[in-house]
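Chain and residue survey
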Amino acid sequence: MESNGTLKKSLKAILEEKQDQRRVLVLYGREDAQHLLIEQQETLHAERDQLAERDLDVIVLISYDLPEPDRQFLMQQPFGLIPSENFQGWLIGKDGGVKHVFKKPIETAELFGLIDSMPMRKQEAKKQ
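Right, let's walk through the structure included here. In this convention, every chain numbers its residues from 1, walking through the sequence in written order. Totals for whole chains, interfaces and linings use every residue, but because this is a predicted model, local features are given only for residues with pLDDT of at least 70 and side-chain atom pairs only at 80 or more, for both listing and counting. Side-chain numbers here rest on the full set of heavy atoms in the structure, without hydrogens or water.

What follows covers the pairing of strand E4 (residues 87–92). The buried label applies to any residue whose accessible area, calculated with a 1.4 Å probe on protein chains only, is under 20% of its type's maximum; exposed applies above 50%, and partly exposed to all values in between. In this text, helices come from DSSP runs of H or I with a minimum length of four residues, and strands from runs of E with a minimum of two, each type numbered from the N-terminal end. Summarising burial for E4: 6 of the 6 residues are buried, a large majority. The alternating pattern of E4 places Phe-87, Gly-89 and Leu-91 and Gln-88, Trp-90 and Ile-92 on opposite faces, both of which are buried. With 6 bridges connecting them, strand E2 (residues 23–29) and E4 associate as antiparallel partners. Residue Val-26 lies in a different strand from E4, and its bridge partner there is Trp-90. Think of it this way: DSSP has to see at least two bridges between two strands before they count as a pair. Adjacent in sequence and paired antiparallel, E4 and strand E5 (residues 98–102) are bridged by 5 residues, among which Gly-96 carries a positive phi angle near 90°.

As C-alpha cells, then:
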C-alpha cells in the first residue's frame, strides 16, 4: 500500500503508469477520520493474497498531506472528490476508468465481487 507521503509522482502520473497493468483502489480520508482509513487498510492487509491475485494496488491519501495538484485532479470528474467528506474511495479498472465510488470502508467480499464481475477479470480468471 502506498500513501501520499511516499508518492514521488503526481497521482495522475501514477494512475497513468498503472493503466493496462494494474487495478487501483484509491482511498482518501480527512485527518479527523483516519480511523476509517486504518480500518480499511487493516481489512485489505488481511486479504493481501487476494489483492495480488486481482492485480490490485492500494493508494492511501490523507487530506492534510495531499498536494494541491492531486487534490484538484481528484475534484474533477470522474472522481468528484468532495474535500469535506470524511472518507472516499475509488476502484479504478485496468482501463483507467472509475468502476465504483464509495463513501465508507468497503467490505472485501463486496470489493472482490465488483472486481470479479469485470469483463477483463473474467478473462484473466479463465487463463489461470
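Let's shift gears to the nonpolar core. Formed by 19 residues in total, the largest nonpolar core has its most connected members in Leu-25, Leu-27, Leu-44, Leu-56, Val-58, Leu-91 and Leu-111. Elements with a contribution of two residues or more to this core: E2, helix H2 (34–45), strand E3 (56–62), E4 and helix H5 (108–116). The element that contributes the greatest number of residues to this core is E3, accounting for 4 residues. Only heavy atoms enter the contact rule, under which two residues are in contact if any of them lie within 4.5 Å. Sequence-distant contacts of Leu-111, that is, excluding residues within four places in its chain, are made with Leu-25, Leu-44, Leu-56, Leu-91 and Ile-106. Residues grouped as a nonpolar core are buried Ala, Val, Leu, Ile, Met, Phe, Trp, Tyr and Cys residues, joined through side-chain atoms within 4.5 Å.

What follows deals with the environment of Gly-96. With respect to the secondary-structure elements, Gly-96 resides in the loop between E4 and E5. The sequence separation of Gly-96 and Leu-15 amounts to 81 residues, and the corresponding C-alpha distance is 7.2 Å.

Here the focus is the pattern of salt bridges. What makes a salt bridge here is a side-chain nitrogen of Lys or Arg within 4 Å of a carboxyl oxygen of Asp or Glu, nothing more. On inspection of all chains with the given rule, the structure shows 14 salt bridges. For the salt bridge of Asp-57 with Lys-18, the shortest nitrogen-to-oxygen distance reads 2.7 Å. With Asp-57 in strand E3 and Lys-18 in helix H1 (residues 11–18), this pair connects stretches of sequence that are 39 residues apart. Judged on exposure class, the residue Asp-57 and its partner Lys-18 are both buried. Among the ionic pairs, Asp-95 bridges to Lys-99, the shortest N-O distance being 2.8 Å. Judged by relative accessible area, which is 39%, Lys-99 ranks as partly exposed. Each member of the salt-bridge network shares a partner with another, and the members are Lys-18, Arg-22, Arg-23, Glu-53, Arg-54, Asp-55, Asp-57, Lys-94, Asp-116, Arg-121 and Glu-124.

Bear in mind that shape data such as this cannot, by itself, settle questions of function.
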